[in-house]
Amino acid sequence: MNIHKVLIGRYLFNLYYVGKVYKTILFQTSTYTTKKGVKLWRAGLIFSWPTIIKHNNINSDKRPTVAPTILDTADGVFDMGRYEECYNILINCKDPEDIEVKWRLCRVLYNMAKDAKYDEQYKRAIISQAHEIITSELERNWDNFAVHKWYALTLDAKSSIGGVKEKIKQLENVKKHMDLAVTLNPNDASLLHMLGEWCFQVTELPWHQRKTIETLFASLPYSTYEDALEYFLRAEAAQPRFYSINLLRIGCCYLKLDKGDQAKYYLKLAASYPAKSNDDHRANKEAAELLKK
């Protein structure tokens, strides 16, 4: 057995766990076998996106052609977690080509792909469908922040399916469209959190793993804890206490920057956050463990 391939496998395996990233990810990590029978982990930088991703509404010069009541109904059903019903409302509306319908279709397909009741093949199919829908809108709706946001999210999910090389290849492109989205709508808390998460995970990657990946695949982008903290704080300012993981990440960044008092404040908020989801429970636990140190 080639010892270099074994070491590479271990590095990629460790990468999955880097920074104690939460396992609320779109697809389970899986293995694949090389021609010589060496198993490598299909891993990559795993981002902790909010479980249900919404966005704040902003005024737009382009009024939707779909009746607001239809969109409001779809949004209400989505907020209740009834994704299939939301999908049916959207595809059966009078103008399914309207951009307000299309980005909502991407949103519901993206969240359906996180549901454990669907098998992996179906999840991959609907992520590809969501990405195709939003990709077709990029050119003619370049000034719509929702298009860039959902392009970034579906690209990240789609590239995760393609393995380490594809994931790394698309890292900069994912951030590019997140940046464009936040430029168009600087008050979207979930988007600001995702930019912070991107910076945090890129910064967390250990030097030896970074070098191994760059040798095997491609150059990785760089970031800092200061960059991540800025985005997390902006998310908190835009929508206070909107997400337990955002509070946790702020605390973690302050710890990394040796600012213990600020870290303790946000970690206490995360530890006592009302637990209504798996993310909340994990934030409670992680923050409580960090406070004990």
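Things to note about the side chain of Asp280
Position of Asp280 relative to the elements: it lies in helix H13 (residues 278-292). Lys276 provides the closest opposite charge to the buried, unpaired Asp280, separated from it by 7.3 Å. From its side chain, Asp280 meets the backbone nitrogen of Lys276 in a polar contact 2.9 Å long.

Considering the confidence of the model for the protein chain
Here the protein chain averages 81 in pLDDT, and 77% of its residues register 70 or above. Across residues 1-44, confidence stays below pLDDT 50; counting only partners more than four residues off in sequence or on other chains, it has 87 contacts.

Quick word on the packing of helix H12 (residues 260-271) against H13
With their axes 7 Å apart at the nearest point, H12 and H13 run at an angle of 140° to one another. Classified by the interaxial angle, the pair formed by H12 and H13 is oblique. Once H12 is placed against H13, the crossing between them reads as left-handed. Between H12 and H13, the contacting residues are Lys264, Leu267, Lys268, Ala270 and Ala271 on the first element and Ala283, Asn284, Ala287, Ala288, Leu290 and Leu291 on the second. Split by residue class, the contact of H12 with H13 holds eight nonpolar, one polar and two charged.

Reading the values: rules and limits
Residues numbered from 1 in each chain as written. Predicted model: local features only at pLDDT ≥ 70, side-chain atom pairs only at ≥ 80, totals over all residues. Heavy atoms only, no water. Helix = DSSP H or I, 4+ residues; strand = E, 2+ residues; numbered from the N terminus. Buried < 20%, exposed > 50% of the residue type's maximum accessible area, 1.4 Å probe, protein only. Lys, Arg positive; Asp, Glu negative; His and termini not counted. Salt bridge = Lys/Arg side-chain N within 4 Å of Asp/Glu carboxyl O. Polar contact = N/O pair within 3.5 Å; in protein donor to acceptor, adjacent residues only side chain to side chain. pLDDT = per-residue confidence, 0-100. Contact = heavy atoms within 4.5 Å. Axes fitted to C-alpha atoms, helices over the stretch in contact; angles between N-to-C directions. Parallel < 35°, antiparallel > 145°, perpendicular 65-115°, else oblique. Left-handed = near helix turned anticlockwise from the far one by under 90°. Nonpolar A, V, L, I, M, F, W, Y, C, P; charged D, E, K, R; others polar.

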